[in-house]
Amino acid sequence: MRSIETVSLFLPGAGRQGRPAGLLTTITKEFSNKTSCCVLITIDIEESVDIKKPKLVILGSGFAGFSLLKGINTKDYDVVMVSPRNHFLFTPLLPSTTVGTIEFRSIIEPIRIAKENITFYQASANRLDEVTRTLYCHNALDGEEFSLNYDYLVITVGAAVNTFGIPGVEEHALFLKELWDARKIRQRIIECFERAATPGLATHEVDRLLHFVVVGGGPTGIEFAAEMHDFLEEDLTEWYPALIPFFKITVVEAAATILGSFDKSLSDYATKAFKRQKIDILTRSLVKEIKNDGVVLADGTEIPAGLTVWTGGNGPRDFVKNLPFDKDKAGRLITDKDLRIPNTLGIYALGDCAVIENKNFPATAQVAQQQGKHLSKILTRLARGKEIKPFRYRHLGMLAYVGSHQALADLPNVQGRGFITWVFWRSAYVTKLVSFKNKVLVLFDWFKKLIFGRDISRF
């Protein structure tokens, strides 16, 4: 005669992420009246308990942070994004919004609708406690302070405008980095023309109001100057005919040439194009001070101006300055080839606020975007216990608009310029826009401008 005994045990264990936290183990022992016995063990998965997903906190909603957000799998991580703006901004087309070629909302994508199953806080980070893995933030709207715990932290806060300590820049110049900067510039342009139209206004004051100075000869400054020229030629000439002889644009650049990151032949082409458009270029010119009514150069030259746009370079944000990690001479966080800050637990940095050790990639949108996509792959492979691969940058080239339906393309295997390149410039940016909605809106804006011209309302 055989006897059978069954024993059931629940053994808590470390289940895989998103899988049960324990195992229901049934041990069946069969005893017989023989001297030998057989033990059968069966293991089944109990689906009653879920392990908590690691919390991934992303600081910043620029190209790096947004690309990471779009690529990350929310089944692997509890994703939280913290940013002082609640949208992603497609900055390559930002200069076009300053004159109404493209409308503001056509180049932004709200964070909350960009990805499902995430948490978003419109806030800025103040400080980091690495020991307790706690991030201290304040709400961008009312200043209310709060804290966040994290398992993985990704710093993609971008860069601040570098004023180089020059007096008057923050008080009197306008920047071109965010959407609200473009809106201020757009308002100021129309304001200058309306004020200049005042009857009996002194000629020297009209000259000053309609003199627009751009400090910085990089792609942002050059594209703004080009858009401003098109605005004059295509719209303002019709609505302010008496003021057109007073209108003037000047680009001030500290280096020997504008667009120094481009091939020299393309830089020379842009210089010649600006001369044809009667845009003055002052190279090897250092700015000493920005005043309410103009710009003072290091050699003592004073340039009266109704609008000064500062595009002079990048600098570290206060949050990055206060972090106790190694930085380069420009104040950027130094990371390893896997985009991780060395000697930290789960802290990564990418985009304009960081630099890979012994690498010198340009501070461009394509670098940040590629890093964000790569880090999403790294984190996914970590969650699955797979081997990770180092970041490799693939240079896709640079584009710049220089006005009058002409553009430059400095690509890995070819350099382009002129009208055909302008068509390519527009096509490339449309394809890079993050959503179908943005693509439609930008195409519609270009068509609307072609038919009706740019809007000159001030409100």
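Here is a short report on the structure shown in this document.

## A word on the overall build of the protein
Move 1: Tallying secondary structure elements over the protein gives eleven helices and 27 strands in all.
Move 2: A total of 459 residues make up the protein; the buried ones form 47% of that total.
Move 3: Long-range pairs, those at least 24 residues apart, make up 62% of the contacts in the protein between residues at least 6 apart in sequence.
Move 4: Surface summary for the protein: the accessible area is close to 23,600 Å², and the carbon and sulfur share equals 53%.

## As for the packing of helix 4 (residues 179-196) against helix 6 (residues 219-239)
Move 1: Remark: helix 4 packs on helix 6, axes separated minimally by 13 Å, with the N-to-C direction vectors making an angle of 45°. Considering their axes alone, helix 4 and helix 6 lie oblique with respect to each other. Once helix 4 is placed against helix 6, the crossing between them reads as right-handed. Residue-level contacts link I185, I189, I190 and F193 of helix 4 to F224, M228, F231 and L236 of helix 6.
Move 2: Split into classes, the residues belonging to the contact of helix 4 with helix 6 amount to eight nonpolar, no polar and no charged.

## Comments concerning a positive patch on the surface
Move 1: On the surface, K373, K377, R381, K386, K389, R394 and K432 cluster together into a patch of positive charge.
Move 2: The element best represented in the positive patch is helix 9 (residues 365-383), accounting for three residues.
Move 3: Owing to a relative accessible area of 56%, K389 belongs among the exposed residues under this scheme.

## Observations concerning the environment of L396
Move 1: Mapping L396 onto the fold places it in the loop between helix 9 and strand 25 (398-403).
Move 2: Residues within four places of L396 in sequence aside, it is in contact with Q366, Q370, L411, P412 and K432.

## Thoughts on the packing of aromatic side chains
Move 1: This model, assessed by the stated rule, comprises 15 aromatic pairs.
Move 2: On the basis of an interplanar angle of 80° and a centroid distance of 6.0 Å, the ring pair of F361 and F391 is categorised as edge-to-face. Taken together, the positions of F361 in the loop between strand 24 (354-356) and helix 9 and F391 in the loop between helix 9 and strand 25 put the pair 30 residues apart, joining distant regions of the chain.
Move 3: For F391, a relative accessible area of 9% translates into the label buried.

## Digging into the pairing of strand 14 (residues 211-215)
Move 1: Extensive coverage of strand 14 is indicated by the burial of five of its five residues.
Move 2: Of the two faces of strand 14, the one holding H211, V213 and V215 and the one holding F212 and V214 are both buried throughout.
Move 3: In this sheet, strand 15 (residues 248-252) lies alongside strand 14 in parallel orientation, the contact comprising five bridges. When the sheet's bridge partners are listed, H211 is paired in strand 15 with K248.
Move 4: Sheet topology note: the strand 14/strand 20 (residues 307-310) ladder contains four bridges and is parallel. Considered in strand 20, the bridge of V215 is made with W310.

So, how was this worked out
- Residues numbered from 1 in each chain as written.
- Predicted model: local features only at pLDDT ≥ 70, side-chain atom pairs only at ≥ 80, totals over all residues.
- Heavy atoms only, no water.
- Helix = DSSP H or I, 4+ residues; strand = E, 2+ residues; numbered from the N terminus.
- Buried < 20%, exposed > 50% of the residue type's maximum accessible area, 1.4 Å probe, protein only.
- Contact = heavy atoms within 4.5 Å.
- Areas by Shrake-Rupley, 256 points an atom, 1.4 Å probe, with all protein chains shown as cover.
- Axes fitted to C-alpha atoms, helices over the stretch in contact; angles between N-to-C directions.
- Parallel < 35°, antiparallel > 145°, perpendicular 65-115°, else oblique.
- Left-handed = near helix turned anticlockwise from the far one by under 90°.
- Nonpolar A, V, L, I, M, F, W, Y, C, P; charged D, E, K, R; others polar.
- Patch = residues over 30% accessible without salt bridge, like charges linked within 9 Å, V, L, I, M, F, W, Y side chains within 5 Å.
- Salt bridge = Lys/Arg side-chain N within 4 Å of Asp/Glu carboxyl O.
- Lys, Arg positive; Asp, Glu negative; His and termini not counted.
- Charge placed at Lys NZ, Arg CZ, Asp CG, Glu CD.
- Phe/Tyr/Trp six-rings, centres within 6.5 Å; stacked < 30°, edge-to-face > 60°.
- Pairing = 2+ DSSP bridges.

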